[in-house]
Amino acid sequence: MAPPVATSTHYDDSSSILSLKKNEGVNNKGVVDVLEDYDGKYRFAPIEEAQVSRAMIKRYFNSMYERAVSDVVIVGAGSAGLSCAYHLGKARPDLKITILEANVAPGGGAWLGGQLMTPMVVRKPADRFLTELGVPFDDEGNFVVVKHAALFTSTILSKVLMMPNVILMNATAVEDLIIREDHHGQQRVSGVVTNWTLVALNHDTQSCMDPNTITAPVIVSATGHDGPMGAFSAKRLVSAGLLKELGNMRGLDMNRAEPAIVNGTREVTPGLIMTGMELSEHDGSNRMGPTFGAMMASGIKAAKEAIRVLDT
Ligand code: 48N
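Conventions we followed
- Residues numbered from 1 in each chain as written.
- Predicted model: local features only at pLDDT ≥ 70, side-chain atom pairs only at ≥ 80, totals over all residues.
- Heavy atoms only, no water.
- Near = heavy atom within 4 Å.
- Polar contact = N/O pair within 3.5 Å; in protein donor to acceptor, adjacent residues only side chain to side chain.
- Areas by Shrake-Rupley, 256 points an atom, 1.4 Å probe, with all protein chains shown as cover.
- Helix = DSSP H or I, 4+ residues; strand = E, 2+ residues; numbered from the N terminus.
- Buried < 20%, exposed > 50% of the residue type's maximum accessible area, 1.4 Å probe, protein only.
- UniProt positions renumbered as here; feature names shortened; annotations may be inferred.
- Contact = heavy atoms within 4.5 Å.
- Core = buried A, V, L, I, M, F, W, Y, C linked by side-chain atoms within 4.5 Å.
- Axes fitted to C-alpha atoms, helices over the stretch in contact; angles between N-to-C directions.
- Left-handed = near helix turned anticlockwise from the far one by under 90°.
- Nonpolar A, V, L, I, M, F, W, Y, C, P; charged D, E, K, R; others polar.
- Pairing = 2+ DSSP bridges.
- Patch = residues over 30% accessible without salt bridge, like charges linked within 9 Å, V, L, I, M, F, W, Y side chains within 5 Å.
- Salt bridge = Lys/Arg side-chain N within 4 Å of Asp/Glu carboxyl O.
- pLDDT = per-residue confidence, 0-100.

(A) Spatial organisation of the site of the ligand. Around the ligand, a shell composed of 28 residues is seen, among which Glu101, Gly109, Met277, Arg287 and Gly289 lie nearest. A distance of 2.6 Å is found between an oxygen atom of the ligand and a side-chain nitrogen or oxygen belonging to Glu101. Within the contact set of the ligand, a nitrogen atom lies 3.0 Å away from a backbone nitrogen or oxygen of Ala102. Protein coverage of the free-state accessible area of the ligand, which is 790 Å², stands at 91%.

(B) Looking closely at the environment of Val189. If you trace the backbone, Val189 turns up in strand β8 (residues 187-196). Judged by relative accessible area, Val189 falls into the buried class, the value being 1%. Taking the C-alpha atoms as reference points, Val189 and Leu177, 12 residues apart in sequence, are found 6.7 Å from one another.

(C) The UniProt feature "modified residue: 2,3-didehydroalanine (Cys)" (unreviewed entry) in the chain, seen in detail. According to UniProt, the positions carrying the feature "modified residue: 2,3-didehydroalanine (Cys)" (unreviewed entry) are Cys208. Mapped onto the elements, Cys208 comes out in the loop between α5 (197-200) and β9 (212-215). Classification of Cys208 as exposed rests on a relative accessible area of 65%.

(D) Spotlight on the side chain of Ser63. Residue placement: Ser63 occurs in helix α1 (residues 49-66). One polar contact links the side chain of Ser63 to the main-chain carbonyl oxygen of Tyr60, over a distance of 2.6 Å. With residues near it in sequence (within four places) discarded, Ser63 still touches Ile167 and Met169.

(E) The nonpolar core, seen in detail. If you look at the biggest cluster of nonpolar residues, it comprises 71 residues, and the most contacted ones within it are Ile99, Met120, Val192 and Val220. Once residues lying within four places of it in the same chain are set aside, the contact partners of Met120 are Ala110, Gly113, Val144, Val145, Val146, Ala149, Phe152, Phe292 and Met296.

(F) Local environment of the packing of helix α2 (residues 79-91) against helix α4 (residues 149-161). The interhelical angle for the contact between α2 and α4, taken along N-to-C directions, is 35°, at an axis separation of 9 Å. The handedness of the crossing between α2 and α4 is left-handed. Of the residues in α4, those touching α2 at Ser79, Leu82, Ser83, Ala85 and Tyr86 are Phe152, Ile156, Leu157, Lys159 and Val160. Residue composition of the contact of α2 with α4, grouped by class: seven nonpolar, two polar and one charged.

(G) Spotlight on the sheet that holds strand β12 (residues 266-269). Read from one edge to the other, the open sheet built from six strands follows the order β6-β2-β1-β10-β13-β12, with strand pairing classed as mixed. Both edges of this open sheet fall to β6 (166-170) and β12, since each of them pairs with a single strand only. Here the average twist between neighbouring strands, direction ignored, is 25°. The sheet contact formed by strand β1 (residues 72-75) and strand β10 (residues 218-221) spans four bridges and is parallel. Bridge pairing in β10 places Val73 opposite Ile219.

(H) Examining the side chain of Ser83 more closely. Within the secondary structure layout, Ser83 lies in helix α2. We classify Ser83 as buried; its relative accessible area is 0%.

(I) Spatial organisation of a nonpolar patch on the surface. On the surface, Tyr38, Tyr42 and Phe44 cluster together to form a nonpolar patch covering roughly 420 Å² of accessible area. Structurally, the position occupied by Tyr38 is in the segment before α1.

(J) Inspection of the pattern of salt bridges at higher detail. Applying the stated rule across the entire model yields 14 salt bridges. Among the salt bridges present, the one from Arg67 reaches Glu66, with a minimum N-O distance of 3.2 Å. The salt bridge involving Arg92 is made with Asp311; its shortest N-O contact spans 3.3 Å. On the criterion of sequence distance, the pair formed by Arg92 in the loop between α2 and β2 (97-101) and Asp311 in helix α9 (residues 293-311) is long-range, its members being 219 residues apart. Judged by its relative accessible area of 53%, Asp311 falls in the exposed class.

(K) View of the confidence of the model for the chain. Scored by pLDDT, the chain has a mean of 93; 94% of the residues are at 70 or more. Scored as a complex, the prediction yields pTM 0.94 and ipTM 0.99.

(L) Summary view of the pairing of strand β3 (residues 120-123). Residues Met120 and Val122 line the buried face of β3, whereas the alternating positions Val121 and Arg123 sit on a face that is not buried. Where β3 lies against strand β5 (residues 143-146), four bridges are found, and the strand directions are antiparallel. By the bridge assignment, Met120 is partnered in β5 with Val146.

(M) Here's a closer look at the sheet that holds β8. One open sheet holds the three strands; their spatial order is β7-β8-β9, and the pairing between them is antiparallel. Unpaired on one side and paired on the other, β7 (172-181) and β9 mark the two borders of the sheet. For this sheet, the mean inter-axis angle between neighbouring strands, taken without regard to orientation, is 35°. Where β8 meets β9, four bridges bridge the pair, whose relative direction is antiparallel. Paired with Val192 across the strands is Ile214, a residue of β9.

In structure tokens, the structure reads:
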């Protein structure tokens, strides 16, 4: 008996498949018949569960398909990664920028100031970035204070997510780097290996769950210092033999740490730009503790470096 022939599935959202009659819930003026009445008569437009599922599936998996080849991948949506995405997305609206964030909640360590206290300190001149974003602050002379760190993070997150050329894939971990020889015979980072974070955290509880990939000419790594997934690329460069050893983050010294991170932001290996606190693990620079100006300025510098690398 001949094997069954696979039929291509054409998804048709017409009401013929769904139980809803076409235009059900539309009144005689062609307007969806809803009622925003908080006295017990609130009425939504009707919907089918399948419409909700398909609305999400179509958009998410279209973006996965489309971003399998990106122009810039930013690993980590903390203050450095988001500052990079903002500056890059604004300066180069032609670029397909894909942010990968292991946590469900992006933002990294920038939801709080220090020791769970909420105000965020930013040393001048990084306050100019806050002004550009429209984040209000108290001016204390050499530094400014944002009343709640979440005000900075939610503002930059909303601006980045509103950029048409930037997409964020949260709950998505980078598990490895794609490293191959370029036409000069040089080892070059050319993409990332990805998996759902919950899968990445459970590899030894299941049989093999292979990853996915995203290729791009430039990867910006902003995975922060220590922690379960922190300093990911720095550690991977060591195990791949592209970095002799980790510099390991040194003790707290605000005045040394912040300029070192900003000025050290660079393409640490062909195709990979490193920014934010991950650099302190790569280079062995000091930590700065609860001041965030260097993360913003380092992210902006990483964006400028990405444009330089793309344009060479
Ligand atoms: O906020 P972080 O950890 O990193 P940065 O560099 O953006 O900002 C650092 C800053 O919050 C500080 O640490 C402050 C200034 N303190 C300094 C100090 O002295 O202590 O964001 C990194 C993001 C996080 O959201 C991680 O979940 C994510 O990167 N991440 C990853 N995402 C995808 N794949 C991975 N492998 C991965 N590893 C980390």
